[in-house]
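Summary of structural features
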Amino acid sequence: QSNETQPAGNTATENGKQQLEKVTVVLDWTPNTNHTGLYVAQENGYFEEQGLDVEIIQPGDAGADQLVASGNAEFVVSYQEGITLARTQNVPIVSIAAVIQHNTSGFASPVDKNINSPKDFEGKVYGGWGSPIEEAVLETLMNTENADVEKLDIVNAGNADFFTMANQGIDFAWIYYGWTGIEASLRGEEINMVYLTDYSEKLDYYTPVLATNEKMISEHPETVKAFVAAASKGYQFAIEHPEDAAKILSKAAPELDAELVLESQKWLADKYQDDAPRWGEQKLEVWKNYADWMSENGVLEGEFNPETAFTNQFLPKEGE
Amino acid sequence: MSLAIHQLHKSFGERPVLEDINLQVENGEFVAILGPSGSGKSTLFQLIGGLVLPESGTIELNGEAVNGKKGLIGYMPQTPSLFPWRTVLENVVLAAELKEKPDYQEARRLLQKAGLADYENAYPNELSGGMKQRVSFIRALLSNQDVLCLDEPFSALDEFTKLTMQKWLLSIWEANRKSILFITHSIDEALFLADRVYIFSKRPAHIKAEIKVPFSRPRDENLLETTEFFQLKQQIFKYLKEEISE
Amino acid sequence: MSLAIHQLHKSFGERPVLEDINLQVENGEFVAILGPSGSGKSTLFQLIGGLVLPESGTIELNGEAVNGKKGLIGYMPQTPSLFPWRTVLENVVLAAELKEKPDYQEARRLLQKAGLADYENAYPNELSGGMKQRVSFIRALLSNQDVLCLDEPFSALDEFTKLTMQKWLLSIWEANRKSILFITHSIDEALFLADRVYIFSKRPAHIKAEIKVPFSRPRDENLLETTEFFQLKQQIFKYLKEEISE
Amino acid sequence: MPKISFRGGSAIAFLLFLFVLWELLVRLTKTPMWLLPAPSAILTEAAAGFGDFYGHLLSTIFLALLGLVVGCGIGLLTAIFLYRLPKVNEMLYPLVILSQNIPTIVLAPLLIIWFGFGLLPKLIVISLVCFFPIVVASMDGFRQTAPELKHYLNMAGATDKQIFWKLEFPHALPSIFSGLKISATYSVMGAVISEWLGAKQGIGVYMTLAQSSFRVDRVFVAIFFIMLLSVLLFGVIRMIEKLAVKGRKAGNR
Amino acid sequence: MPKISFRGGSAIAFLLFLFVLWELLVRLTKTPMWLLPAPSAILTEAAAGFGDFYGHLLSTIFLALLGLVVGCGIGLLTAIFLYRLPKVNEMLYPLVILSQNIPTIVLAPLLIIWFGFGLLPKLIVISLVCFFPIVVASMDGFRQTAPELKHYLNMAGATDKQIFWKLEFPHALPSIFSGLKISATYSVMGAVISEWLGAKQGIGVYMTLAQSSFRVDRVFVAIFFIMLLSVLLFGVIRMIEKLAVKGRKAGNR
Ligand SMILES: Nc1ncnc2c1ncn2[C@@H]1O[C@H](COP(=O)(O)OP(=O)(O)OP(=O)(O)O)[C@@H](O)[C@H]1O
Ligand SMILES: Nc1ncnc2c1ncn2[C@@H]1O[C@H](COP(=O)(O)OP(=O)(O)OP(=O)(O)O)[C@@H](O)[C@H]1O
Ligand SMILES: [Mg+2]
Ligand SMILES: [Mg+2]
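Since this is a predicted model, take the numbers as computed values, not measurements. (Residues numbered from 1 in each chain as written. Chains lettered and ligands numbered in written order. Predicted model: local features only at pLDDT ≥ 70, side-chain atom pairs only at ≥ 80, totals over all residues. Heavy atoms only, no water.)

1. Looking at the relation of the copies chain E and chain D
Superposition of chain E onto chain D requires a rotation of 180° combined with a translation of 0.0 Å along the rotation axis, giving an RMSD of 0.1 Å. As the rotation angle and translation indicate, the two copies are arranged about a two-fold axis. (Least-squares fit on C-alpha atoms with pLDDT ≥ 70 in both.)

Spelled out as structure tokens, the structure:
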């Protein structure tokens with residue numbers, strides 16, 4: 001619930017903090033460089049400027065999207081695939097900004113495996129987490145080079161990370177280069193990447209995105225606007241000052257490896273906005289393409305209307 | 001308080017134990033039960049205590065049927081049944097505790113009389129067999145009930161301690177005249193203590209004989225050496241022998 | 001097998017229990033121990049059984065010191081100590097089981113003799129107090145040891161059953177002449193069964209008297225009515241009385 | 001027998017009542033499906049999707065049973081071993097406690113590195129969950145043996161081994177079963193968790209997939225079967241207990 | 001007393017030995033840090049990062065203790081309640097088992113939706129973990145009361161309540177402690193898991209963060225403290241047990 005209704009006649013406030021509106025943003029995973037903008041906005045007081053008192057929460061297990069949909073938190077860091085699936089199940093959640101303009105994920109493999117393009121997947125072992133989406137993506141990629149997905153061995157590796165898998169005879173896995181890829185380079189392990197975006201436009205979906213629920217949009221649009229404005233400013237800062245932004249993230253989450261954060265931040269700085277006219281911009285065709293692709297591959301059950309799944313209306317206008 | 005039992009029947013599964021038991025204890029009377037091992041004496045106590053229900057028959061206290069009613073008698077079980085996590089003193093007040101605030105002063109006095117003054121704070125596992133039995137006996141005495149059912153209370157005591165305890169029990173009984181029902185295997189003990197003696201047959205038990213003990217009170221141990229005593233004892237022994245040898 | 005105990009001392013913490021006990025059981029001898037409740041008789045058995053160690057003194061079996069050695073005697077404890085999850089038959093063979101394959105035929109025969117033929121498959125909780133004691137007694141008999149230590153084996157039996165069991169024990173003993181050490185509270189029983197009787201003082205126990213029982217064997221119950229018997233009994237009673245009344 | 005069936009009946013009746021209540025609440029408050037589906041919706045999905053679900057179910061049952069048997073077997077052996085060797089116990093017992101405090105997120109990668117993605121690492125995870133309650137309960141059971149029976153056996157010259165097998169072990173049976181019941185309850189969840197370590201099939205796999213595609217009704221179908229399995233296992237253990245501990249219901253008076 | 005300190009000593013010595021072994025193995029096989037760090041590396045990191053870690057530690061200790069107390073309290077009350085009302089027990093006992101089979105991934109969002117991000121949902125998760133072993137162990141303890149003592153109390157006219165409080169409860173104390181020990185062991189992991197429900201601080205938070213940035217040494221620092229806490233809690237319960245169950249070590253002969 002939003003706590004904007006303060007009891008009137010409350011005793012004197014210290015430096016006006018009581019006027020701030022309390023909102024909660026739920027992360028999708030542990031804090032990482034995808035979230036830098038939020039931490040910057042927090043640390044540099046951008047949220048406060050917008051009259052918000054933001055609490056950043058790490059949910060651990062799944063369910064962050066439902067939390068926001070049910071109104072127990074106002075904002076969530078989610079991803080396009082999740083929102084698409086959620087909306088077909090009538091979960092009222094809407095994307096309000098794309099954190100990173102293009103999909104930076106891809107299939108990573110140690111160089112000595114010699115996997116340079118999807119056709120090299122043949123005869124190899126893929127380690128995943130058992131989602132039907134994975135197989136569909138692999139198939140799509142391999143089809144572009146007329147490779148046969150049947151010749152690929154897909155192993156369910158559960159929650160194991162890339163490095164663990166690599167140790168267990170698994171040839172390649174799906175990672176975000178901006179985090180796991182950077183870690184590999186820090187370790188001096190050379191890896192090959194096969195990016196999704198290089199082979200299929202439809203798979204260039206937004207991940208991650210900021211999202212909220214429909215009720216917030218209809219009943220508290222100004223809060224949403226304020227939040228997006230501050231976040232946008234935060235990400236802008238991260239784009240312009242990756243080193244400083246990395247320091248802010250490391251300060252907020254000292255448990256993270258500072259070197260990894262810094263390197264990841266530097267790599268990601270120009271990926272946030274990339275070729276978009278402004279940070280956070282989302283395109284209808286991206287939403288439509290990906291949903292179509294999901295339907296084609298039988299991983300989407302039910303009706304999905306891409307127009308209602310996202311909105312750019314809260315993004316600050318040029319020069320705002 | 002008087003106890004009357006009419007036509008009591010009880011069996012455990014296929015095994016008949018009590019058959020047509022009729023028995024009275026008048027107010028302030030001291031009644032002993034003798035009978036072969038395994039005849040059903042302890043079972044009778046369980047019925048009186050309300051722990052098990054008879055197939056038929058009634059148990060009356062002061063004329064009122066009390067089949068299956070608990071908490072009306074003071075009881076000393078055949079095995080001491082002390083609580084291992086309670087000290088001797090805490091054990092003896094247990095029965096009293098169930099009804100009221102126990103009188104520790106009195107408890108200490110009785111322990112002293114039973115030669116257990118030094119063991120007040122000992123745990124049951126530090127006691128000898130006979131000492132446990134005495135603790136259990138005192139617990140029954142302190143229970144403050146008008147009917148006392150004692151199941152072989154002195155079986156683990158040496159002859160002299162036993163005599164002391166018997167005399168003590170008699171003096172207590174003479175002072176406040178509770179009704180006492182007393183199971184024993186010692187014919188001497190039954191004759192020395194009781195007003196009347198019931199002799200149980202072997203299982204399934206019925207009342208083989210009821211004997212009025214003719215000796216006047218107060219009694220002392222010289223009684224045990226009189227010829228009348230000896231003759232009565234012989235007679236009872238004969239009854240018991242008949243029961244077991246057939 | 002002969003048992004000899006020299007200058008045995010034992011205390012539990014601050015509490016001295018046995019003081020300078022000297023005692024012998026010759027090969028094939030039947031020895032009884034009498035003594036006040038709590039004097040230390042059962043403790044002596046625990047020492048012989050090797051369960052506790054004495055502060056000083058030795059226990060010898062056939063001249064060999066066996067302080068703290070277990071498994072050399074047949075034992076019947078003061079409380080029946082039956083295993084609740086074993087039937088009567090399984091219980092009586094327990095001691096034998098520890099050494100060898102038990103003889104169920106023999107076990108059934110003894111149960112029959114003790115009047116427990118119908119209860120072979122019953123569990124201990126279906127037995128009366130006296131029946132449990134008999135089961136425990138048979139368990140000790142079946143243990144197949146040359147020295148038997150019996151701790152008040154017949155205390156929960158009626159006079160007639162007790163006499164039967166006593167006579168039975170005598171006949172068994174006469175047939176295979178084990179050495180028997182026997183704790184009892186009944187002076188009659190001690191004199192009827194034993195070759196010699198040790199009388200323990202009160203705690204801390206020393207040997208107050210050692211009495212050779214002069215009666216010839218085989219004995220029968222008529223012995224109990226002779227004057228010699230009566231006089232010996234009076235004498236022992238006096239010893240015990242001295243012990244307790246001081 | 002009629003008594004047993006009646007007892008089950010009472011519990012089932014109560015559960016049914018709860019379901020009806022739940023159904024009503026969901027309908028009255030118009031709770032959306034993705035938040036909390038109504039029992040009827042779950043039932044419908046269970047019936048419709050059972051063909052797909054079936055394979056997952058079997059796979060988890062197999063894992064849970066195997067893990068339970070292995071875990072309890074090891075647990076019982078460990079308890080016996082530790083109890084009979086007090087010196088070793090002093091050294092190793094803390095390790096037994098420690099074993100319960102290795103978080104799966106750490107254990108999982110290590111297990112995978114050592115044992116790959118096969119059955120073994122999963123079995124280890126389930127066994128680790130199941131073995132602890134048995135160890136603690138059995139050890140406590142062994143320790144609480146009736147002292148007068150132990151006294152008797154000692155006097156009768158029983159060896160330590162005999163004392164253990166003739167007295168301490170049978171005496172501890174109720175405690176062991178108490179531990180077994182706790183373990184049985186955990187075994188199904190243990191199996192589900194173990195499926196994190198990369199399974200192709202199983203309720204755990206089914207459930208995460210359902211969760212990630214927001215099919216809350218399917219998640220609940222999975223939960224229902226997990227619960228059903230646990231209760232069944234618990235019931236089976238209780239039945240075995242009744243048979244094994246027969247004849248001493250009243251102990252000795 | 002000297003005995004107790006010696007016993008601890010033996011276990012600690014053994015643990016030290018294991019650590020040395022581990023250190024040697026890691027060094028000899030040149031295992032990379034990110035796979036399995038050497039104890040020395042962990043120690044270094046623990047010392048270096050203790051300032052940061054301290055707050056997390058306190059927060060988890062607080063959660064674990066609170067959850068243990070609440071969970072065990074509720075568990076004991078539940079056991080007493082169910083034992084004394086057999087009719088209710090028949091209905092509710094299956095629910096107690098079911099409560100152990102709600103996967104956290106389902107429970108977590110529901111709890112947050114109902115109770116927000118505060119202390120309450122976390123407490124519920126820990127309590128749910130801790131309460132079950134107590135319930136099962138206590139109920140079994142109550143049931144196993146020495147029948148001859150119960151027989152005596154019944155004959156003496158004790159009410160059900162008196163039988164419970166004067167006999168069944170004290171008699172079940174060892175079983176209750178057995179359950180408590182299991183619960184105490186689980187409480188720390190329970191607290192760590194509960195921190196999934198959106199905590200800002202705590203070993204669980206620290207550990208996932210470390211894990212996701214591949215700082216395996218930090219993960220192990222977290223595990224060490226989890227283990228240390230559990231063993232400490234276990235030890236404390238054992239000490240309390242020794243005090244509470246005093247005087248009946250040998251029972252009645
Ligand atoms: N719970 C039970 N189940 C089955 N049979 C029982 C039960 N309790 C007692 N019995 C049987 O009832 C009979 C009488 O037992 P009871 O304990 O009343 O004997 P008793 O006269 O007190 O004998 P004793 O003098 O040896 O104590 C015995 O044959 C016994 O086997
Ligand atoms: N474990 C123990 N701890 C402390 N004191 C004990 C212990 N066992 C026995 N005692 C004490 O030793 C003394 C002798 O006990 P024991 O059982 O040997 O007596 P007993 O002669 O067999 O008596 P009874 O005829 O009553 O059975 C008693 O005073 C008892 O309090
Ligand atoms: Mg009896
Ligand atoms: Mg004795």
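2. A look at the site of ligand 1
Taken together, 22 residues lie near ligand 1, and S42, T43 and Q78 of chain B together with E126 and S128 of chain C sit nearest. At ligand 1, the nearby residues belong to more than one chain, namely chains B, C and D. In this structure, G130 of chain C approaches ligand 1 through a main-chain N or O atom, which is 2.7 Å from an oxygen atom. Burial of ligand 1 by the protein chains amounts to 93% of its free accessible area of 640 Å². Of all the secondary-structure elements, those providing two or more residues to the shell around ligand 1 are β2 (15-25) and α1 (41-48) of chain B together with α5 (129-141) of chain C. (Near = heavy atom within 4 Å. Polar contact = N/O pair within 3.5 Å; in protein donor to acceptor, adjacent residues only side chain to side chain. Areas by Shrake-Rupley, 256 points an atom, 1.4 Å probe, with all protein chains shown as cover. Helix = DSSP H or I, 4+ residues; strand = E, 2+ residues; numbered from the N terminus.)

3. A look at the interface of chain E and chain A
Of the residues lining the interface, 27 residues belong to chain E; the matching set on chain A comes to 33 residues. Across the chain E to chain A interface the summed buried area is about 2400 Å²; carbon plus sulfur atoms make up 61%. The closest approach of N and O atoms between D257 of chain A and R215 of chain E, which form a salt bridge, is 2.6 Å. Across the contact surface, chain E and chain A share five residue pairs in polar contact (both at pLDDT 80 or more). Put simply, the parts of the chain that give the side of chain E that touches chain A at least two residues each are α2 (39-84), α4 (104-115) and α8 (203-212) of chain E. Grouping the constituent residues of the side of chain E that touches chain A by class yields 16 nonpolar, seven polar and four charged. (Contact = heavy atoms within 4.5 Å. Buried area = accessible area lost by both parts, 1.4 Å probe. Salt bridge = Lys/Arg side-chain N within 4 Å of Asp/Glu carboxyl O. Nonpolar A, V, L, I, M, F, W, Y, C, P; charged D, E, K, R; others polar.)

4. Here we look at the coordination of the magnesium ion (ligand 4)
When a metal carries six donors in an octahedron, the ideal angles between them are 90 or 180 degrees, while four donors in a tetrahedron ideally lie at 109.5 degrees. Residue and element names in this part refer to chain C. The coordination sphere of the magnesium ion (ligand 4) contains the protein donors S42 (OG) and Q78 (OE1), at a distance range of 1.9 to 2.1 Å. One end of the pair, S42, is in helix α1 (residues 41-48); the other, Q78, is in the loop between β6 (74-76) and α2 (88-92), and 36 residues separate them in sequence. Taking relative accessible area as the criterion, S42 reaches 18% and is therefore assigned buried. (Donors = N, O, S within 2.8 Å, 3.2 Å for Na, K, Ca; no water. Buried < 20%, exposed > 50% of the residue type's maximum accessible area, 1.4 Å probe, protein only.)

5. A few points about the nonpolar core
All names here are of chain A. Counting 184 residues, the largest nonpolar core has F107 and F121 as its most contacted members. Excluding residues that lie within four positions of it along the chain, F121 makes contacts with F107, I115, L138, L141, M142, L152, F172 and V194. Listed in part, the 67 residues of the second largest apolar core include L38, A41, A173 and F227. (Core = buried A, V, L, I, M, F, W, Y, C linked by side-chain atoms within 4.5 Å.)

6. Considering a nonpolar patch on the surface
Taken together, F17, L21 and L25 of chain D make up a surface patch of nonpolar side chains, about 290 Å² in accessible area. Counting through the fold element by element, L25 of chain D comes out in helix α1 (residues 2-29). (Patch = residues over 30% accessible without salt bridge, like charges linked within 9 Å, V, L, I, M, F, W, Y side chains within 5 Å.)

7. Remarks on the UniProt feature "transmembrane region" (unreviewed entry) in chain D
With numbering matched to this structure, UniProt assigns "transmembrane region" (unreviewed entry) to residues 6-26, 33-51, 57-83, 95-117, 123-142, 176-199 and 219-240 of chain D. Taken end to end, residues 57-83 of chain D is 100% helix and 0% strand, and its two terminal C-alpha atoms sit 38 Å from one another. (UniProt positions renumbered as here; feature names shortened; annotations may be inferred.)

8. Topic: the site of ligand 2
The local shell around ligand 2 holds 22 residues, among which E126 and S128 of chain B together with S42, T43 and Q78 of chain C are the closest. Ligand 2 sits at a junction of chains, with neighbouring residues supplied by chains B, C and E. Within the backbone of G129 of chain B, a nitrogen or oxygen atom sits 3.4 Å from an oxygen atom of ligand 2. Looking at the shell around ligand 2, the elements with two or more residues in it are α5 (129-141) of chain B together with β2 (15-25) and α1 of chain C. By residue class, the composition of the shell around ligand 2 is four nonpolar, twelve polar and six charged.

9. A short note on the packing of aromatic side chains
How two aromatic rings sit relative to each other is given by the distance of their centres and the angle of their planes. Counting across every chain of the model gives 73 aromatic pairs over all chains. Here W287 of chain A and F310 of chain A contribute two aromatic rings whose centre-to-centre distance is 5.8 Å and whose plane-to-plane angle is 5°, an arrangement assigned as stacked. Residue W287 of chain A is located in helix α12 (residues 284-296), and its partner F310 of chain A is located in the segment after α13 (306-309); the two are separated by 23 residues in the primary sequence. Taking relative accessible area as the criterion, F310 of chain A reaches 11% and is therefore assigned buried. Ring geometry for F142 of chain D against F169 of chain D: centres 6.4 Å apart, planes inclined by 35°, an arrangement best described as tilted. (Phe/Tyr/Trp six-rings, centres within 6.5 Å; stacked < 30°, edge-to-face > 60°.)

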